[in-house]
Amino acid sequence: MIYLDNAATTKPDRSVMETFQKVSEDYFYNTASIHQAGRKAEALLEASRRQIKALLKVEHYDCVFTSGATESNNIAIQSVLEMKKAFGRTVLVSELEHPSVINVLEEMRGEFNVQFIKTTRDGKVDTTHLKELMTNDVIFVTVMAVNNITGSVQPLDEIKAVLADYPKAHFHTDATQAVGKININYDGIDTFSISAHKFYGVKGIGALFMKNIKNVKPVLFGGGHESNIRSGTVNLPGVTAMAKALRIAEETRDVTYQNLLSYNDKIRKEMLNLTSVEMQPNDVPHILNMSFKGAKGEVVVNALSERGIMVSTTSACASKRHSLNETLLAMKESQDVIEGSIRISFSKDTDEGETDRLIEALKSVHEELGDVLV
Ligand code: PLP
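If you're wondering where the values come from, they're calculated on a predicted model, not measured in any experiment. (Residues numbered from 1 in each chain as written. Predicted model: local features only at pLDDT ≥ 70, side-chain atom pairs only at ≥ 80, totals over all residues.)

Some details on the domain arrangement of the protein
Next, step 1: For the protein, the domain assignment lists domain 1 (2–8 + 253–369) and domain 2 (14–247).
Next, step 2: Those elements that place two or more of their residues in the side of domain 1 that touches domain 2 are strand 10 (287–292), helix 10 (316–319) and helix 11 (326–330). (Domains from an automatic or database assignment. Helix = DSSP H or I, 4+ residues; strand = E, 2+ residues; numbered from the N terminus.)

Dropping the structure here:
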């Protein structure tokens, strides 16, 4: 089996699992316990927190451990809007965001004026439209770092430049698909979210980073863990495993990037020979989106699956609900491109042999679809 759905989740690295198991056994104590064993666990928790912040070069941020980016996005949005609502009611969100951003804002529409920032044809947030939408009533702007469907890198520095004239506006970034893949300059970003299983960590652990944000109102109430922002016994094995995974992702990042770039080139070249196949531009090589025009994405995914290759249509969260590909819709792609799209996503372990087998399988599916394609 060739697994190419790494934007949905990655396989935890073996050494990450070793850390997870060791800490589960040797440091199973509750980090909130005041006895010696609890303090030992707490020391490990704080060392891991420092290591994660150092790896991301965000030592000046507070870091709260959560169950993943969904929870981090929810806490950032709900807590910051609660804090800021006395100063304005307008929230600007890119159309490209993950459901864990869009859907929480949809829930808050009654109380806030939520407006979408348009998307350019190449899948980036339209900063000219952002400028037009900016007023002194804007208290929150949220734009992801890397889009999970097409692999477009969003113009965070340009957005920061626009926001520099509006100090009241909080800037949140969902960095889930960027961490461990590309370098991000976090200066000027007030809060950001990450999820460990996207970079070879285990599932159910992530973090929210916050700069100069105090008295955050919790979303979950309980024993006051994690600076009273995220109550609940801390998942210490998950946290230490996340620190390890991040180190591995960062250490292998540049080599992986170069390898994937060459595999992308090879795939693009081969696809040029196939009629009715359209490729989306991507800024990062770990996510590649293409459409078999005239076919349904699910049919292509199933045909590849039968050939032992696992890819996806949209994001894993959306594909189960059969929702439309919102990213391609925002890019104003044609119906054929939207309906026939698949997402192929690679990892540090993807190799050239797998790439060749993918290309063969894509060609064979193309041939099988024959007259269906337009
Ligand atoms: N944000 C983006 C861009 C994602 O791709 C994902 C996962 O698919 C999430 C947030 C949610 O992450 P998790 O499911 O780990 O909470």
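Concerning the sheet that holds strand 10
Next, step 1: Taken in spatial order, the 3 strands make up an open sheet running 9-10-12, and their pairing is antiparallel. Every other strand in the sheet has two partners, leaving strand 9 (277–279) and strand 12 (341–345) as the edge strands with one partner each. Neighbouring strand axes in the sheet, compared pairwise and without regard to direction, differ in orientation by 25° on average. (Pairing = 2+ DSSP bridges. Axes fitted to C-alpha atoms, helices over the stretch in contact; angles between N-to-C directions.)

Overview of the nonpolar core
Next, step 1: Among the nonpolar cores identified, the biggest contains 95 residues, and V141, A207, M242, A245 and V300 are the most heavily contacted of them.
Next, step 2: Sort the elements by how many residues they give to this core and helix 8 (residues 236–271) lands first, with 11 residues.
Next, step 3: Built from parts of two domains, this core gets at least three residues from each of domain 1 (2–8 + 253–369) and domain 2 (14–247).
Next, step 4: Aside from chain neighbours lying at most four places away, what touches M242 is I52, A196, G201 and I205. (Core = buried A, V, L, I, M, F, W, Y, C linked by C-beta atoms within 7 Å. Buried ≥ 20, exposed ≤ 12 C-beta atoms within 10 Å, placed from the backbone. Contact = placed C-beta atoms within 7 Å.)

Describing the site of the ligand
Next, step 1: Taken together, 16 residues form the shell around the ligand, and within it G68, T70, H98, N148 and S195 come nearest.
Next, step 2: Put simply, the parts of the chain that give the shell around the ligand at least two residues each are helix 3 (69–84) and helix 10.
Next, step 3: Here the shell around the ligand spans two domains, since at least three of its residues come from each of domain 1 (2–8 + 253–369) and domain 2 (14–247). (Near = placed C-beta within 6 Å.)

Quick word on the sheet that holds strand 5 (residues 138–142)
Next, step 1: Overall, mixed pairing links the 7 strands, which are arranged 2-8-7-6-5-3-4 in an open sheet. Pairing within the sheet leaves two strands with one partner each, and these edge strands are strand 2 (62–66) and strand 4 (113–117). Neighbouring strand axes in the sheet, compared pairwise and without regard to direction, differ in orientation by 20° on average.
Next, step 2: Here helix 3 sits on the sheet and contacts strand 2, strand 3 (90–94), strand 5, strand 6 (170–174), strand 7 (191–195) and strand 8 (206–210); the angle it forms with strand 7, its principal contact strand, is near 160°.
Next, step 3: Sitting on the sheet, helix 4 (residues 99–107) touches strand 3, strand 4, strand 5 and strand 6, and the angle it makes with strand 3 is about 150°.

Describing the pairing of strand 6
Next, step 1: Most of strand 6 sits out of view: 5 of its 5 residues are buried.
Next, step 2: The two faces of strand 6 match: H170, H172 and D174 on one face and F171 and T173 on the other face are all buried.
Next, step 3: Sheet analysis places strand 5 next to strand 6, joined by 3 bridges and oriented parallel. Bridge assignment links T142 to a residue of strand 6, and that residue is H172.
Next, step 4: Considered for its hand, the β-α-β crossover made up of strand 5, helix 6 (residues 156–163) and strand 6 is right-handed.
Next, step 5: Direction of pairing for strand 6 relative to strand 7: parallel, over a ladder of 3 bridges. Pairing of H172 across the sheet is with T191, part of strand 7. (Right-handed = clockwise from strand over helix to strand, strands pointing away.)

A look at unusual backbone geometry
Next, step 1: Positive phi is not limited to glycine here, since Y200 has a value of about 75°.
Next, step 2: With respect to the helices, strands and loops of the structure, Y200 is situated in the loop between strand 7 and strand 8.
Next, step 3: Unusually for a residue other than glycine, N215 sits at a positive phi of about 55°.
Next, step 4: On the secondary structure map, N215 appears in the loop between strand 8 and helix 7 (225–229).
Next, step 5: Residue classification places N215 among the exposed positions, given that 8 C-beta atoms sit within 10 Å.

Topic: helix 1 (residues 14–26)
Next, step 1: Taking 1.5 Å per residue, 13 residues should reach 18 Å; helix 1 reaches 18 Å between its end C-alpha atoms and fits that length.
Next, step 2: For helix 1, the complete set of buried residues consists of V16, T19, F20 and V23. Along the axis of helix 1, the buried residues cluster in a sector spanning 100°; they form a single face. Seen from the buried face of helix 1, the exposed residues on the opposite side, beyond 90 degrees, are R14, Q21, E25 and D26.
Next, step 3: Packed against the buried residues of helix 1 are helix 8. (Expected span 1.5 Å × (residues − 1). Arc of directions from axis to C-beta.)

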